[in-house]
Every structure is written in structure tokens, then in C-alpha cells.
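Working through the structure, step by step
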Amino acid sequence: MHTKKIKVTPPALFNNANTYLQFISKLLKDKNIAVDLIQSIPLLVKNNTPAEVLGEGISYPQSFIHEKMIAVHEENIMKVLDYLALQGISTGYSINVHEDPNRIHSGKQDLNDALLWTVEVSSNYNLWNEIFGTVETELAKDIDIPCLCIPSDYIYKKPETLLIFCQNYNSIVDHIPITILNEFNIKPILICEDQQISDHSIKASLNLLPLHNRADFIRFSDFDDEVAIKSMIDKINPTWIAYKNFDKGLFDRPFTFNTNQCILESDRPILIL
């Protein structure tokens, strides 16, 4: 049987990642899904050959630092690999090096067999992080497959419902991660923008999808109202929440609900589609 994968950004520190790694191991328990750990680090020096200064006595230290950085990340990754192996989960890993230290990239990964990407959200929610983003928010918005953003202190709960915010009815199919829903037996609850479309048309579209669990839908007209959104979430109390990336510009983020805020502020896993 073909083994599916999830891409996982390793925790920054193994000793502080108990809940994150437990979440992954419990989510994948008894499933034919492997973990592929992807670590991205900044490029410190383009030329790996040390350049000599002061004659032949001293070399620039960038290459040495770069090698030490890779070694430190590999040591942390090995601890994660050992932990997951004890849970019976097949694992692999790679370390990507990028020139831009302010961003984390998915790199040239083979995403064809990947269900999703997971990242631990350990940055605090504050106005600075909302405006300028964090490594977690940038990764979630940058990759080409759904990214599950898991709060670092979130205690695993079996996913039963996924609340999906869908503002554009015409792209309703793109908002429903069918493979993820079916793999983990999650019931989708779709929140649709209140357009001039009949309930019958919406139900007909949903019934055409090969879902294991029937999708419910709710009409909603306050997608720009942060208070109304949070009230709806509290009322439904879903296990996970899904949004299409609705990133706003740098100067709009302090005043409007945006992707950075929903990731950093959430008390439950957020799936960025």
C-alpha cells in the first residue's frame, strides 16, 4: 500500500515540544502515514570555501558558523526522529538552506503525496507579530498544500469537526480539503457567504463531493466582523478551523482580521488552505 506523508516543521527545541509531538503521533496513530521533517535555515555564506584575511592567518568565520548551525539542527531533528520512531511512525528529514533569513520556505519539495504540512505556533500574539508576521505565519502562507498551525500548548483532541470559512461560493470546492477530511474522518461544516444562491444549489454542490461525512453549511454575512466570527466559532466549537489565506497588507493588519491574527490568536488548530 502506498504510504502517504505529512510534512512537519520540527519544533525549535525538542525538550519544549511535548504537546506538539504528541499531537502528531496521536493524529497518525494506526494510520499508514509517514512524517517528513523539513527544516529551513538561513544561508550565512554563499561560498563555502573560507576566505583568508590578514594573510594566511585567519579565515572568515561564516563557514564554521554555518556548519555548526546545521549540526545543531540535525541534533534536534535526530531527537524528534527517535521520539516518532518509538511511536511507530516512519520518518525522514531534510535541511533546506535559503538566502532570505526572514522567511521559511517549503523548498523544492515533492508535495504530490503530502496530505498537509504541520507547524508549531510558539510565537506570542501581539500587534508586532500580527503586522510583520512570524516564521509560522509566513510558512503557512507560503507553501502550496494545506498547513495545519498547532498552538504549542494545545492538548491533542481527536478531530471531529472542521469549520470552514468560505466567502466565495464559486470556489466552494477549493475550500473543502476532501482528502484530509476523509483520511481523519472529520465532518466539515461550511460557513458560506450569504449570497443570492438557494440552499438547494449549495446542497447539490456539496453532495457531488466524495466526502465520507455529509457536509453541513451555515449562511453568514459578517466575514469582516471579527466579533461575529469569534462568536460563531464559540457557538459551533469545532475541533479545527479552516480558512483560505486572507492576508492583508502591512498597513491594513492592525485594523482588519487577517491570516496572521487568526493563526497567532487561536486556541485550536488552524488549517490554512
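A short tour of the structure in this document, coming up. For clarity, every value in this text was computed on a predicted model and none was experimentally measured.

This part covers the overall build of the chain. Along the backbone of the chain there are eight helices and twelve strands. Every one of the 273 residues in the chain was classed for burial, and the buried ones make up 47%. For the chain, the share of sequence-separated contacts (at least 6 apart) that also reach a separation of at least 24 residues comes to 77%. Working note: accessible area of the chain is about 14500 Å², and carbon and sulfur atoms make up 50% of it.

On to the nonpolar core, then. Formed by 42 residues in total, the largest nonpolar core has its most connected members in Ile6, Leu28, Val35, Phe184, Leu190 and Leu206. No other element matches the five residues that helix H1 (residues 18–27) contributes to this core. Apart from the residues lying within four places of it in its own chain, the contact partners of Val35 are Ile6, Val8, Ile24, Leu28, Leu84, Ile89, Ser90, Thr91 and Gly92. Within the second largest apolar cluster, 31 residues are counted, among which are Val121, Ile191, Met232 and Ile233.

For strand S8 (residues 161–166), a buried count of six out of six residues is recorded, marking the element as mostly surrounded by other parts of the structure. Burial along S8 is two-sided: the residues Thr161, Leu163 and Phe165 and Leu162, Ile164 and Cys166 are all buried. Bridge analysis of S8 against strand S9 (residues 187–193) gives six bridges, and the strand direction is parallel. Across the sheet, residue Leu163 finds its bridge partner in S9, namely Ile189. In terms of strand pairing, S8 meets strand S11 (residues 240–243) through four bridges, oriented parallel.

Looking at where Lys157 falls in the secondary structure, it is placed in the loop between strand S7 (147–151) and S8. Along the primary structure Lys157 and Leu27 are separated by 130 residues, whereas in three dimensions their C-alpha atoms are 8.7 Å apart.

Together, Glu193, Asp222, Asp224 and Asp225 make up a negatively charged patch on the protein surface. Tracing the backbone shows Asp224 in the loop between strand S10 (216–220) and helix H7 (226–236). Take Asp224: its relative accessible area is 75%, and that puts it in the exposed class.

So, on to the environment of Thr19. The residue Thr19 is located in helix H1 in this model. Between the C-alpha atoms of Thr19 and Glu120, which are 101 residues apart in sequence, the distance is 9.6 Å. At 2.3 Å, the side chain of Thr19 forms a polar contact with the backbone oxygen of Ser152.

The rules behind the values
- Residues numbered from 1 in each chain as written.
- Predicted model: local features only at pLDDT ≥ 70, side-chain atom pairs only at ≥ 80, totals over all residues.
- Heavy atoms only, no water.
- Helix = DSSP H or I, 4+ residues; strand = E, 2+ residues; numbered from the N terminus.
- Buried < 20%, exposed > 50% of the residue type's maximum accessible area, 1.4 Å probe, protein only.
- Contact = heavy atoms within 4.5 Å.
- Areas by Shrake-Rupley, 256 points an atom, 1.4 Å probe, with all protein chains shown as cover.
- Core = buried A, V, L, I, M, F, W, Y, C linked by side-chain atoms within 4.5 Å.
- Pairing = 2+ DSSP bridges.
- Patch = residues over 30% accessible without salt bridge, like charges linked within 9 Å, V, L, I, M, F, W, Y side chains within 5 Å.
- Salt bridge = Lys/Arg side-chain N within 4 Å of Asp/Glu carboxyl O.
- Lys, Arg positive; Asp, Glu negative; His and termini not counted.
- Charge placed at Lys NZ, Arg CZ, Asp CG, Glu CD.
- Polar contact = N/O pair within 3.5 Å; in protein donor to acceptor, adjacent residues only side chain to side chain.

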